[in-house]
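# Coordinates in review
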Amino acid sequence: MTIDAPPKPVSSLEPTFAFDNSYARMSDRFFVRTNPTPVAAPRLIHLNRALARELGLNAEALSQSAAASIFAGNRIPSGAEPIATAYAGHQFGGFNPKLGDGRAILLGELIAPDGRRFDLQLKGSGPTAFSRRGDGRAALGPVLREYIISEAMVALGIATTRSLAAVTTGETVQRETPLPGAVLTRVASSHIRIGTFQYFAVRKDIDGVRELADHVIARHYPDAARSASPYLALLDGIIARQAQLVAQWMLIGFIHGVMNTDNTSIAGETIDYGPCAFMDIYDPATVYSSIDEQGRYAYGNQPTIIQWNLTRLAETLLPLIADDTTIAIAQAQAALDAFSSLYSTTYSDGLRAKIGFSTAHADDLALGQDLLQRMHRNGCDMTQTFRALCDAAADEGNDQNVRALFANPADFDAWAITWRQRLQLETTTPQARREAMRAVNPAFIPRNHLVEETIAAAVNKDDFAPFERLLKVLEKPFQDQPVAQRYSLPPKPDEIVRATFCGT
Ligand code: AMP
Ligand code: MG
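What you are looking at is a predicted structure, and each value in this text was computed from that prediction instead of being measured. (Residues numbered from 1 in each chain as written. Chains lettered and ligands numbered in written order. Predicted model: local features only at pLDDT ≥ 70, side-chain atom pairs only at ≥ 80, totals over all residues. Heavy atoms only, no water.)

### Quick look at the coordination of the magnesium ion (ligand 2)
Protein coordination of the magnesium ion (ligand 2) is provided by Asn-263 (OD1) and Asp-272 (OD), with donor distances spanning 1.9 to 2.1 Å. You can call Asn-263 buried: its relative accessible area is 11%. By relative accessible area, which is 13% here, Asp-272 ends up buried. (Donors = N, O, S within 2.8 Å, 3.2 Å for Na, K, Ca; no water. Buried < 20%, exposed > 50% of the residue type's maximum accessible area, 1.4 Å probe, protein only.)

Structure, rendered in structure tokens:
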């Protein structure tokens, strides 16, 4: 697609980006037009060719240097209309009325061959009107962390923004120490956040809130348009997607780390990977983020926090829901009240599947939670325990591999008695049960110490081989990969990572 430019001869080196930039066509209160700031020496670290194909990008035709130049922001693909979007947000509970894309630029929206629409965003692409005191840049470490973890989430079956490319800039960014700079190309259903609604609501710009809500309905919740009360149906839809998303995080041991309202996606995708991490030892109080001193965003708090965030969203929609504020509040409250059962359904179904039950019985959730409590008391690695349980579910002879993970193996034995009684009610064969469990209990997660190890090799030694190896293993998290056994193991005592950093 070309806008205002003479047609170019078709060259096999010219990638085609099917842009259709609906957000850039909205009124100008939503963004500031801004081009990326070119970098000194872009070098392609990694291009996600599978994702490029999904998006209909002709990646094979892209030379390394052309890809580096595009994904660094040095060359703007034709049809792009770069903008920095406006948003506000509650950060650790405190409201900031003006955040916005301070170090990200939305190039535009791509229409994939299957008709789906995706934002193409550069993160770390230079200052914008929203940069405040920041430099608009990203360091290599956080770029690799986001790349690894977002793509791992895809393979784990969890809704997420994706990573299309990572490049180094040939420049350093000044943090506590000078660090190599990088740019991440992020792909998302959209980058609209709860904080985007808050930006207009706090300015009492009801027309802005309505324009945004109409855009979101058309783009993400088309069914809501057919409802008698579209804006209430929109709220219902966002609540349902977030309830499902956070339940999935909980089932897999994911800790987002910075669940601010500006980091909560309206489309229901995991977004803004900062100091996020997966738990090794199961403990609901786990916090890794170095900036989360009070543990606000601890693993076990995530379902409560998302409800708090959704309540902030509901407040912005009140004027659209009904003219009478009392009625609007009552309706929004009823929508928020539905969260608990939506969340519990995904969580209970997921936990039931993790412990091998294909049918539903009354005490299943309690039995699953009892196991989690025992894992907590016994310092069990979450991922390893559920994975070992798959074999135990097929054959009692394999119990020893689970028992061995418990500080006091008798604590598992006591639970296993009730579990085996319950398994009697199942009609599937033990082998089928094992397979079903192995499809929901991964062998591989992006463990903190592995992520840190790959970042250290890249940052300190310019060695990206460990990054490539880790990505490859995490593409198939549910398959045993004997050669990659090391990646399935929890950290040794000297490898434990206690804090993660945004590093931005
Ligand atoms: P985040 O921590 O990624 O959720 O970002 C919170 C806010 O700070 C957003 O408005 C970002 O755009 C902004 N921000 C983060 N890092 C930078 C940076 N290096 N330069 C400018 N703005 C930044
Ligand atoms: Mg953010």
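### A look at the site of ligand 1
Surrounding ligand 1, one finds 18 residues, the nearest of these being Gly-100, Gly-102, Arg-103, Arg-132 and Gly-136. A distance of 3.3 Å is found between a nitrogen atom of ligand 1 and a backbone nitrogen or oxygen belonging to Arg-137. Here ligand 1 has 490 Å² of accessible area as a free molecule, and 86% of this is covered by the chains. Looking at the shell around ligand 1 residue by residue, the classes come out as two nonpolar, eight polar and eight charged. (Near = heavy atom within 4 Å. Polar contact = N/O pair within 3.5 Å; in protein donor to acceptor, adjacent residues only side chain to side chain. Areas by Shrake-Rupley, 256 points an atom, 1.4 Å probe, with all protein chains shown as cover. Nonpolar A, V, L, I, M, F, W, Y, C, P; charged D, E, K, R; others polar.)

### Observations concerning the environment of Gly-94
By the element assignment, Gly-94 lies in strand 5 (residues 94–96). Take Gly-94: its relative accessible area is 34%, and that puts it in the partly exposed class. Sequence separation between Gly-94 and Asn-260 is 166 residues, and the spatial gap between their C-alpha atoms is 9.3 Å. (Helix = DSSP H or I, 4+ residues; strand = E, 2+ residues; numbered from the N terminus.)

### Quick look at the packing of aromatic side chains
In this structure the tally under the stated criterion is 15 aromatic pairs. Aromatic pair Phe-17 and Phe-19: ring centres 5.7 Å apart, planes at 10 degrees, arrangement stacked. Among the residues examined, Phe-19 registers a relative accessible area of 1% and is labelled buried. Ring plane angle 80 degrees and centroid distance 5.9 Å describe the contact between Tyr-282 and Tyr-299, whose orientation is recorded as edge-to-face. Taken as a pair, Tyr-282 in the loop between strand 12 (277–278) and helix 8 (302–321) and Tyr-299 in the loop between strand 12 and helix 8 lie far apart in primary sequence, 17 residues in all. Using a relative accessible area of 2% as the deciding quantity, one classes Tyr-299 as buried. Through a chain of ring-to-ring contacts, the aromatic side chains of Tyr-23, Phe-30, Tyr-199 and Phe-200 assemble into a single cluster. We note Arg-203 situated over the ring of Tyr-199; from NZ or CZ to the ring centre the distance is 3.6 Å. (Phe/Tyr/Trp six-rings, centres within 6.5 Å; stacked < 30°, edge-to-face > 60°. Lys NZ or Arg CZ within 6 Å of the ring centre and 35° of its normal.)

### A look at helix 16 (residues 448–461)
The first and last C-alpha atoms of helix 16 sit 19 Å apart over 14 residues, in line with the 20 Å expected at 1.5 Å per residue. Where helix 16 is concerned, the buried positions are Asn-448, His-449, Leu-450, Val-451, Thr-454, Ile-455, Ala-457 and Ala-458. Those residues of helix 16 that are buried lie in contact with helix 3 (140–155), strand 12 and helix 17 (465–474). Looking one or two places after helix 16, you find Asp-462, whose phi comes out positive at around 55 degrees. (Expected span 1.5 Å × (residues − 1). Contact = heavy atoms within 4.5 Å.)

### Quick notes on the environment of Val-143
Mapped onto the secondary structure, Val-143 falls in helix 3. Taking the C-alpha atoms as reference points, Val-143 and Thr-359, separated by 216 residues in sequence, lie 42 Å from one another. Ignoring sequence-local partners within four residues, the contact set of Val-143 consists of Ala-138, Ala-166, Ala-182, Val-183 and Leu-184.

### Some details on the pattern of salt bridges
This model, assessed by the stated rule, comprises 43 salt bridges. A salt bridge links Arg-434 to Glu-435, with the shortest nitrogen-to-oxygen separation between them at 3.0 Å. A single salt-bridge network, built from bridges that share partners, covers Asp-20, Arg-25, Glu-109, Arg-117, Asp-119 and Arg-219. (Salt bridge = Lys/Arg side-chain N within 4 Å of Asp/Glu carboxyl O.)

### Focus on the nonpolar core
Ranked by internal contacts, the top residues of the largest apolar core, which has 121 residues, are Phe-197, Leu-389 and Trp-419. Broken down by element, the residue count for this core peaks at 15 residues, all from helix 7 (residues 230–252). Once residues within four sequence positions are removed from consideration, Phe-197 is found in contact with Ile-192, Val-209, Leu-212, Ala-213, Val-216, Ile-266, Leu-313, Thr-316 and Leu-317. Listed in part, the 29 residues of the second largest apolar core include Ala-52, Leu-120, Leu-164 and Ala-165. (Core = buried A, V, L, I, M, F, W, Y, C linked by side-chain atoms within 4.5 Å.)

### Concerning the confidence of the model for the protein
Averaged over all residues, the pLDDT of the protein equals 95, while 97% of them reach at least 70. Contacts from residues 1–13, a stretch scored under 50 in pLDDT, to residues over four places away or in other chains number 11 contacts. (pLDDT = per-residue confidence, 0-100.)

### Focus on the side chain of Asn-309
Position of Asn-309 among the secondary structure elements: in helix 8. Those residues within four positions of Asn-309 in sequence are excluded, and the remaining contacts are Ile-194, Met-259, Asn-260, Thr-261 and Thr-264.

### Quick word on the domain arrangement of the protein
Under the domain assignment used here, the protein contains domain 1 (23–191), domain 2 (229–347), domain 3 (356–438) and domain 4 (448–495). Once you take the C-alpha centre of each, domain 1 and domain 4 turn out to be 24 Å apart. Approximately 1,400 Å² of surface area, both sides summed, lies buried where domain 1 meets domain 4, with 76% of it carried by carbon and sulfur atoms. Its largest share of buried area at the contact with domain 4, domain 1 owes to Leu-144, Arg-145 and Ile-148, together 37% of the area lost on that side. Along the contact surface separating domain 1 from domain 4 lie two salt bridges. Between Asp-462 and Arg-43 there is a salt bridge, and its shortest N-O distance comes to 2.7 Å. The leading source of residues in the side of domain 1 that touches domain 4 is helix 3, at eight residues. Of the residues belonging to the side of domain 1 that touches domain 4, the class tally is nine nonpolar, three polar and two charged. (Domains from an automatic or database assignment. Buried area = accessible area lost by both parts, 1.4 Å probe.)

### Focus: the packing of helix 11 (residues 364–377) against helix 14 (residues 409–423)
Running from amino to carboxyl end, helix 11 crosses helix 14 at an angle of 165 degrees, the nearest separation of the two axes being 10 Å. Put simply, helix 11 runs roughly antiparallel to helix 14. As helix 11 runs across helix 14, the sense of the crossing is left-handed. Two secondary-structure elements touch here, helix 11 through Asp-364, Leu-367, Asp-370, Leu-371, Arg-374 and Arg-377 and helix 14 through Asp-411, Ala-414, Trp-415, Thr-418, Trp-419 and Arg-422. Among the residues forming the contact of helix 11 with helix 14, the class breakdown is five nonpolar, one polar and six charged. (Axes fitted to C-alpha atoms, helices over the stretch in contact; angles between N-to-C directions. Parallel < 35°, antiparallel > 145°, perpendicular 65-115°, else oblique. Left-handed = near helix turned anticlockwise from the far one by under 90°.)

### Remarks on helix 9 (residues 325–337)
Taking 1.5 Å as the rise per residue, helix 9 with 13 residues should run 18 Å; its terminal C-alpha atoms sit 18 Å apart, in good agreement. Restricting attention to buried positions, one finds in helix 9 the residues Ala-328, Ala-332, Ala-335 and Leu-336. Around the axis of helix 9, the buried residues are gathered within 95 degrees of arc, so they sit on the same side. Among the exposed residues of helix 9, those pointing more than 90 degrees away from its buried face are Thr-326 and Asp-337. On its buried face, helix 9 sits against helix 7, helix 8 and helix 10 (339–354). (Arc of directions from axis to C-beta.)

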